[in-house]
Amino acid sequence: EIPTHNRDADERRQQLIHCVTELREAGIKFKKKKTDLFWDIEFKNGILYIPQLLIHDGTRSLLLNLMAFEQCHLDRDHDITAYVVFMDNLINSHQDVGHLHCCGIIKHWLGSDSEVADLFNRLNRGKVFEINDSYLSRLTGEVNRYYENKWNNWRASLRHTYFSNPWAIISLAAAVFLLLLTFAQTFYGIYGDR
């Protein structure tokens, strides 16, 4: 058994990117990328383009075998392992899988979104991998910078809070209009008599 403080340090070192739910709260959108290469991930203008991944009963053993092959050949690139670590970080819960499914990024033949989340969360256990040397390190740096940008967080929060439905937009517009009328009335009340 690994001591808790060492395991926490390993998990922090392996933390590549925030989960889908957290990235969405920061205003990052997800779109399906049209390509046959499932590892060809791209980030542009706040949109994370991820190719579609079909998950079935054999996906777990296929990915585990490919990762084991990469672990045995240290002189080779570890692109599959980098991809699995990336997806493991993106997917923490069934809500994350559900959103990726709605975007067309994940299709699965498993029983539920929770099973897909569990599959990715278990694949990466016990793997030794240096994230900073992976082909995704530049992309994750860009995503993390976007995520940490206060302006992007504020704008996304404003959109979620005030522009999530038509009634919220109408009430915000009415409040701004009433505020402008109050300022105009105050201005003319003070300077109108002179």
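A brief look at the structure comes next. Treat the numbers as computed from the prediction; the structure is a model and nothing was measured. Per chain, the residues get numbers from 1 upward, laid out in the order the sequence is written. Owing to the predicted nature of the model, reporting of local features is limited to residues with pLDDT of at least 70; listing and counting of side-chain atom pairs is limited to 80 or more, with chain, interface and lining totals taken over all residues. Think of the side-chain values as coming from all heavy atoms in the structure, minus any hydrogens and water.

### Observations concerning the pattern of salt bridges
Just so we agree on the cut-off: By definition, a salt bridge exists where a carboxyl oxygen of Asp or Glu is found within 4 Å of a side-chain nitrogen of Lys or Arg. We call a residue buried when its accessible area falls under 20% of the maximum for its residue type, exposed when it is over 50%, and partly exposed in between, using a 1.4 Å probe and counting protein chains only. In DSSP terms, a helix is any run of H or I states spanning at least four residues, a strand is any run of E spanning at least two, and both are numbered starting from the N terminus.
Scanning the entire structure with this criterion turns up five salt bridges. Across the salt bridge formed by Lys33 and Glu42, the nearest N and O atoms sit 2.9 Å from each other. For Lys33, a relative accessible area of 17% translates into the label buried. Residue class for Glu42 comes out partly exposed when judged on its relative accessible area of 23%. For Glu142, the salt bridge identified is with Arg138, shortest N-O distance 3.5 Å. Residue Glu142 and its partner Arg138 are located together in helix 7 (residues 137-148), separated by four residues, close to a single helical turn. A relative accessible area of 25% places Glu142 in the partly exposed class. Residue classification places Arg138 among the exposed positions, given a relative accessible area of 64%. The structure contains a network of salt bridges with shared partners spanning Lys33, Asp40, Glu42 and Lys44.

### Brief notes about helix 5 (residues 94-102)
Those residues of helix 5 not exposed but buried are Asp96, Val97, Gly98, His99 and Leu100. Gly104, located one to two residues past helix 5, shows a positive phi value of around 85 degrees.

### Concerning the environment of Leu110
How we decide: In this analysis, two residues are considered to be in contact whenever any of their non-hydrogen atoms come within 4.5 Å of each other.
Among the structural elements, Leu110 can be located in the loop between strand 5 (106-108) and helix 6 (113-123). Judged by its relative accessible area of 17%, Leu110 is buried. Sequence-wise, Leu110 and Ile55 are 55 residues apart; in three dimensions their C-alpha atoms are separated by 7.4 Å. Among all residues touching Leu110, those that are not within four sequence positions of it are Ile55, His56, Asp57, Glu115, Val116 and Leu119.

### Thoughts on the side chain of Asn144
Take Asn144: it is sitting in helix 7. Judged by its relative accessible area of 18%, Asn144 is buried. Apart from residues no more than four positions distant in its own chain, Asn144 is found in contact with Leu16, Ile17 and His18.

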